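Topology and contacts: notes
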There are 2 protein chains.
Amino acid sequence: MSLLVQKFGGTSVGGVERITAVANNIKKHKDDGHQLVVVVSAMSGETNRLLGLAGDISDNIPMTDQDVLLSTGEQVTIALLSMALKQIGIDADPYCGWQIPITTDSTHAKARILDIKTDQIQTALESNKVVIVAGFQGICQETNRITTLGRGGSDTTAVALAAALKADECQIFTDVDGVYTTDPRVVSNAKRLDKITFEEMLEMASLGSKVLQIRSVEFAGKYQVPLRVLSSFSPGEGTLICVDDDKEQSVEAPLVSGIAFVKDEAKISLLGVPDKPGVAATVLGIISDANIEVDMIVQNISADGESNDFTFTVHRNDMARAVNLLTEGLSDLSIREIKSDDKIAKVSLVGVGMRSHAGIASTMFKTLADLSINIQLITTSEIKISVLVDEKYMELAVRGLHDAFELDQ
Amino acid sequence: MSLLVQKFGGTSVGGVERITAVANNIKKHKDDGHQLVVVVSAMSGETNRLLGLAGDISDNIPMTDQDVLLSTGEQVTIALLSMALKQIGIDADPYCGWQIPITTDSTHAKARILDIKTDQIQTALESNKVVIVAGFQGICQETNRITTLGRGGSDTTAVALAAALKADECQIFTDVDGVYTTDPRVVSNAKRLDKITFEEMLEMASLGSKVLQIRSVEFAGKYQVPLRVLSSFSPGEGTLICVDDDKEQSVEAPLVSGIAFVKDEAKISLLGVPDKPGVAATVLGIISDANIEVDMIVQNISADGESNDFTFTVHRNDMARAVNLLTEGLSDLSIREIKSDDKIAKVSLVGVGMRSHAGIASTMFKTLADLSINIQLITTSEIKISVLVDEKYMELAVRGLHDAFELDQ
């Protein structure tokens, strides 16, 4: 008998029929003898409906009130799922965040979980009940106000519950059947991974694989909660996200686990930056003061040997603003030129196997060269190599690399 | 400065525009210097939408889950109203039932309020905030479960809050501008009453004037909370429901305050019931065991002087079942005949002034006789006289009595 925390997202509970299907899915696991804690999101479309009402009333929606509003979405789902389970003979207890309670800080709309009381859940499980918990929501005990956890909050709720309950596995049911070596829409023979490490998943997630929210993966990694991504629409084992050791022991670790890519960044280059201390800090200070997030950062000695070229990437929507701020803010420094380009894509190899194997970067660069794809920027970390290329070559690069590293094997 | 509890029902908050109008209404009272606690219902249509979802999932909806589901309706409204108030510069705090908390017993779907904690409300009022409370809902502290109060629950919430806070007045905003001498759709010159006593209002409410729920009037009467019914759509003083003394002291008490009528009852007569002890109990026992509510009960000695005629009324929907039960259950008693009729209407005069004035009944009966309306049954209480007539004469009877007692004056 295992204790499983299962999370079903908005599309999985998107209507009365889907909720009934989820109930049947739960019944199967229950009949297999597992203890189940089920976390659900709002029915798909509900959050937008509620935000639409709010938007019609206010042009400056207070986040405290928005949390009261949006938290009703999951509350509706827990009630309906509880009814659906009882309808097929499974006893269940539905809980809102405040009832557990799942306590958070007071940062409305993106609160952080502080603590989860598990006594009521344990008692219900011991009475052979399925415990249903509204995802995405909690309560700030100081203010007695409902809070929400922000984007992907239901995943976070599930992982946090699994950690607090020391569950055997946290299963995230989605509309995909696992994590793939890369996006199957780009590479048709992309392969589902049986296992992936938390670190790899973090890199994949932050690089655009939208299967799981970064925060929930971080959380699962921190508390070493085995996390499984699987489909709520079709059977299958999905992908297990686990700690490094588990993976390396159990399988011949491949060098590269997957290829991630994003197209939503823009590149800004400062050419001929004076080579003196504090300049990088000045540049990034201007950007971060404007709440613009920076992703890749590269600095190189320039051709003249006396100044630097400094390049970084920001979200495309922030490019024009960033360039304007820098043009104004850096007028005192004798910078030769500020260049920007939003027709770029970032392609990344991810894999814990890369740590101990040389030659991966050169294979990557050779593959791109053979395809006549120019590399504009390179950054590396222990388990990742990222390159910037012209956006029109992105799909070509991804397919070429997928072949070169034999990820379809 | 007065402390007012104001309640806005479903049609008053039926859409974004209506909610904004309610916010403006609240602002006016706030600008007049009043402290305000505002109770709201679910937006009209929302409760039925949610029940529809539940009905598609379950053919035996558990009331615990239904309460979790339905309580989201008011939660949406408190959030939206709070936004609407802040949008026009009024600070407000929205509260669900469990946040106050409004504690109830565990009778889901028709829970009774046990206690209301007022500290948070007091603190918010002292900070010059408008307090918004979700009507219709509470929490059972023993089980930590959300409960709802059943039909008209938001009125009850408002009255209970007014009692707990010792408010100066509890104002129920509806889609009518007060309580009338009778239904203006039947008698065009029906007059709005400035004042009516709790007892009169109870009789009017239980007799079919749907302005207020009986339970909230009972509650207001018990705790002597001055209750005012007024329109959320048009200005006006509405009708104040107050204690007997207030009314009699302040105005020349009219003999009759109003005329109520209902068409949803059916009459069942047992003719030739043996005149011996216990028969009435047997008859009514059969009916009440089947959970059928009985309204009027009359027993008369029959023409032969040796048996009784026993007549009572039930809801029309229960008539056939009641007759069947009696035919079976009373086969041992040699009852001559069981007759039933669902083409009847009950018309009642209500007024505290009737207590001390003779002649009202005879005026009533004479008026009906002049109109050639046959009276089938009569019951009286201290402040009410009810008659059963053929349903096709109901409007005629109401208009005739309204004229006879000069209620348009």
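Before reading further, recall that the structure is shown in the block above.
Now for a look at the structure at hand. Everything quoted here is computed from the prediction, not taken from an experiment.

1. Concerning the packing of aromatic side chains
- The full count for this structure, using the stated rule, is seven aromatic pairs over all chains.
- Geometrically, the ring pair formed by Phe8(B) and Phe173(B) is stacked, given 4.5 Å between the ring centres and 15 degrees between the ring planes. Taken together, the residues Phe8(B) in strand β1 (residues 3-8) and Phe173(B) in strand β9 (residues 169-174) connect sequence positions 165 residues apart.
- Since its relative accessible area comes to 0%, Phe8(B) is described here as buried.
- A cation over a ring is seen here: Arg145(A) above Tyr95(B), with NZ or CZ 4.6 Å from the ring centre.

2. Here's the deal with unusual backbone geometry
All names here are of chain A.
- A cis geometry characterises the amide bond from isoleucine 100 onward to proline 101, with omega recorded as -15 degrees.
- Relative to the assigned elements, proline 101 resides in the loop between β3 (92-95) and β4 (102-104).
- Even without a glycine there, the phi angle at asparagine 144 is positive, about 60 degrees.
- Inspection of the secondary structure assignment puts asparagine 144 in the loop between β7 (137-140) and β8 (145-148).

3. Let's talk about the sheet that holds strand β10 (residues 195-197) of chain B
All names here are of chain B.
- Spatial strand order, β3-β6-β2-β1-β9-β11-β12-β10: eight strands in an open sheet with mixed pairing. Of all the strands in the sheet, just β3 (92-95) and β10 have a single pairing partner and so form its edges. Pairwise comparison of adjacent strand axes, ignoring direction, gives a mean angle of 20 degrees for this sheet.
- As paired elements, β9 and strand β11 (residues 227-231) share five bridges and run parallel to each other. Considered in β11, the bridge of isoleucine 172 is made with valine 229.
- The strands touched by helix α3 (residues 63-87) are β2 (35-40), β3 and β6 (130-134); relative to β6, the strand with the most contacts, the crossing angle is about 160 degrees.
- Helix-sheet contacts for helix α4 (residues 119-126) involve β1, β2, β3 and β6, and the interaxial angle to β2 is about 130 degrees.

About the criteria used
- Residues numbered from 1 in each chain as written.
- Chains lettered and ligands numbered in written order.
- Predicted model: local features only at pLDDT ≥ 70, side-chain atom pairs only at ≥ 80, totals over all residues.
- Heavy atoms only, no water.
- Phe/Tyr/Trp six-rings, centres within 6.5 Å; stacked < 30°, edge-to-face > 60°.
- Helix = DSSP H or I, 4+ residues; strand = E, 2+ residues; numbered from the N terminus.
- Buried < 20%, exposed > 50% of the residue type's maximum accessible area, 1.4 Å probe, protein only.
- Lys NZ or Arg CZ within 6 Å of the ring centre and 35° of its normal.
- Pairing = 2+ DSSP bridges.
- Axes fitted to C-alpha atoms, helices over the stretch in contact; angles between N-to-C directions.
- Contact = heavy atoms within 4.5 Å.

Keep in mind these numbers describe shape, not what the thing actually does.
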